Amino acid sequence: MPAADCWLHAAVEVGVSSIAGEGLFARTALPAGTVVSRLGGRLVSGAELRELFTQAALRHRYVDTVGVGEDLHLVLPPRRRNGYGNHSCDPNLWWLDAYTLAARRDIAVGEEITNDYGTSTAVADFRMDCGCGSALCRGAVTGTDWQRPELRERYGDHWIPLLLDRIRAG
């Protein structure tokens, strides 16, 4: 069960990002394995999530969400600092469980903190253009990236549990 709210490491701050306007940055070095972000919020069904997206679009608001089950989604509380985390095709964070992101490698002072949205996107028709600037940039993030052999090899068991279950099922 997720916490009601999000938690972000005290050494992480919001700053100007070359990836997407604003992003998260390390104020101090963060060693590999350091827990950086724990997501919290409320769990909703797919139908509830679609309604939230419809209402948000009407009000020009953003809904931050992560899939946690086949028909279960975590909706983060609005405007938490965690929500400023940007995508990279070569991220420095990865998943430990359904709600926790940790440093995939050592993160330097001033470095932007990123995760690969493909490791947490379970909606098959999702597509987002990518301009992360990484040498490994795929050009797009999709809801089927979990099927890519090179990503399965790169991230091992560090996917949201829903996608990890799909990977293990073959």
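Computed from a predicted structure; not experimentally measured.

Listed under "domain: Post-SET" (unreviewed entry) in the UniProt record, and renumbered for this structure, are residues 126–142. With 0% helix and 35% strand, residues 126–142 has its two end C-alpha atoms placed 5 Å apart.

What follows covers the pairing of strand 10 (residues 100–103). The pairing of strand 4 (residues 35–38) with strand 10 spans three bridges and is classified as antiparallel. Paired with V35 across the two strands is A102, which belongs to strand 10. Relative to strand 10, strand 9 (residues 93–95) is paired through three bridges, and the arrangement is antiparallel. Each bridged residue has a counterpart across the sheet, and for W95 the counterpart in strand 10 is L101. Here strand 9 folds back onto strand 10, and the loop between the two strands holds four residues.

In a regular helix each residue adds 1.5 Å, so 13 residues correspond to 18 Å; helix 1 (residues 46–58) covers 19 Å between its end C-alpha atoms and thus fits that length. Among the residues of helix 1, those classed as buried are G46, L49 and A56. Along the long axis of helix 1, the arc covered by the buried residues comes to 80°, so they all point the same way. Of the exposed residues in helix 1, the ones pointing more than 90 degrees away from its buried face are R50 and L58. Taken together, the buried residues of helix 1 touch strand 5 (42–44), strand 6 (65–69) and strand 7 (72–75). Positive phi appears at H60, one or two residues downstream of helix 1, with a value of about 55°.

This part covers the sheet that holds strand 5. Two pairing modes exist for strands in a sheet, parallel and antiparallel, and in both the strands are linked by backbone hydrogen bonds. Judged by pairing direction, the sheet is antiparallel, and its three strands sit side by side in the order 5-7-6 without closing on themselves. The open sheet terminates on both sides in strands that have one partner only, identified here as strand 5 and strand 6. Averaged over all neighbouring strand pairs, the angle between strand axes comes to 35°, with direction disregarded. Of the pairings in the sheet, the one linking strand 6 to strand 7 comprises four bridges and is antiparallel in character. Opposite G67, over in strand 7, you have H73 as the bridge partner. Of the strands in this sheet, strand 5, strand 6 and strand 7 are in contact with helix 1, which crosses strand 5 at around 105°.

Reading the values: the criteria
Residues numbered from 1 in each chain as written. Predicted model: local features only at pLDDT ≥ 70, side-chain atom pairs only at ≥ 80, totals over all residues. Heavy atoms only, no water. UniProt positions renumbered as here; feature names shortened; annotations may be inferred. Helix = DSSP H or I, 4+ residues; strand = E, 2+ residues; numbered from the N terminus. Pairing = 2+ DSSP bridges. Expected span 1.5 Å × (residues − 1). Buried < 20%, exposed > 50% of the residue type's maximum accessible area, 1.4 Å probe, protein only. Arc of directions from axis to C-beta. Contact = heavy atoms within 4.5 Å. Axes fitted to C-alpha atoms, helices over the stretch in contact; angles between N-to-C directions.

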